[in-house]
Amino acid sequence: QLQFVESGGGTVQPGGSLRLSCAASAFPLENYAVGWLRQAPGKEREGVSCISRSGDSTKYADSVKGRFTISRDNAKKTVYLQMNSLKPEDTAVYYCALRYGNSCLRRTDDYGLDYWEKGTQITVSA
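Residues numbered from 1 in each chain as written. Predicted model: local features only at pLDDT ≥ 70, side-chain atom pairs only at ≥ 80, totals over all residues. Heavy atoms only, no water.

Thoughts on the overall build of the protein
- Scanning the protein for helices and strands turns up zero helices and 11 strands.
- When the helices and strands of the protein are listed from N to C terminus, the series reads β-β-β-β-β-β-β-β-β-β-β.
- Expected size for 126 residues packed as a compact globule is a radius of gyration near 14 Å; at 13 Å, the protein falls within 12% of this value.
- With the principal axes as the frame, the protein shows a C-alpha extent of 40 × 25 × 25 Å.
- Looking at the protein as a whole, 44% of its 126 residues qualify as buried.
- When contacts within the protein are restricted to residue pairs at least 6 apart in sequence, long-range pairs at least 24 apart make up 62% of them. (Helix = DSSP H or I, 4+ residues; strand = E, 2+ residues; numbered from the N terminus. Rg over C-alpha atoms; globule rule 2.2 N^0.38 Å. Buried < 20%, exposed > 50% of the residue type's maximum accessible area, 1.4 Å probe, protein only. Contact = heavy atoms within 4.5 Å.)

Quick word on the nonpolar core
- Grouped together as the largest cluster of nonpolar side chains are 37 residues, with contacts concentrated most on W36, M83 and Y94.
- Counting only elements with at least two residues in this core, the list comes to β3 (18–24), β4 (32–39), β5 (46–51), β7 (68–73), β8 (78–83), β9 (92–100) and β11 (120–124).
- Top contributing element to this core by residue count: β9, with six residues. (Core = buried A, V, L, I, M, F, W, Y, C linked by side-chain atoms within 4.5 Å.)

Examining the environment of E46
- You can see E46 is positioned in strand β5.
- Taking relative accessible area as the criterion, E46 reaches 31% and is therefore assigned partly exposed.
- Sequence separation between E46 and Y111 is 65 residues; the distance between their C-alpha atoms is 9.4 Å.
- Within the local environment of E46, its side chain forms a polar contact with the side chain of R38, the two groups lying 2.7 Å apart. (Polar contact = N/O pair within 3.5 Å; in protein donor to acceptor, adjacent residues only side chain to side chain.)

Points about the sheet that holds strand β1 (residues 4–7)
- Read across the sheet, four strands follow the order β1-β3-β8-β7 without closing on themselves; strand pairing throughout is antiparallel. What marks the edges here is a single partner per strand, and that holds for β1 and β7. Pairwise comparison of adjacent strand axes, ignoring direction, gives a mean angle of 15° for this sheet.
- Pairing of β3 with β8, which is carried by six bridges, proceeds in the antiparallel orientation. What sits directly across from L18, in β8, is M83. (Pairing = 2+ DSSP bridges. Axes fitted to C-alpha atoms, helices over the stretch in contact; angles between N-to-C directions.)

Fair warning: the whole summary comes from geometry, so function is off the table for now.
What follows is the structure, encoded as structure tokens:
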């Protein structure tokens, strides 16, 4: 069973920053493309960002380009999402998600990510 721990969620003021982490425990995260999906109340889940297995390719939703940065440290079995200049519209539950294999698909709705767990809440509010 795939198990990972998401951390770094919380409440921040507009313009602030947060860093999400997704750490694998008992499986080789380096075998997976990894990304983040999010779902705001009343809206469909959407792709935020994705990074290839090797880390040499990344994808971002247009709404977060220039503000969010995804990275990974395969030695630590951890993927990060650095979120800067946060906006109220970034408020959502964020899910670390996986896709077995090297690449994130070009599909912007979910990048082909097909496994996620409970997620972590991000609230951007004054």
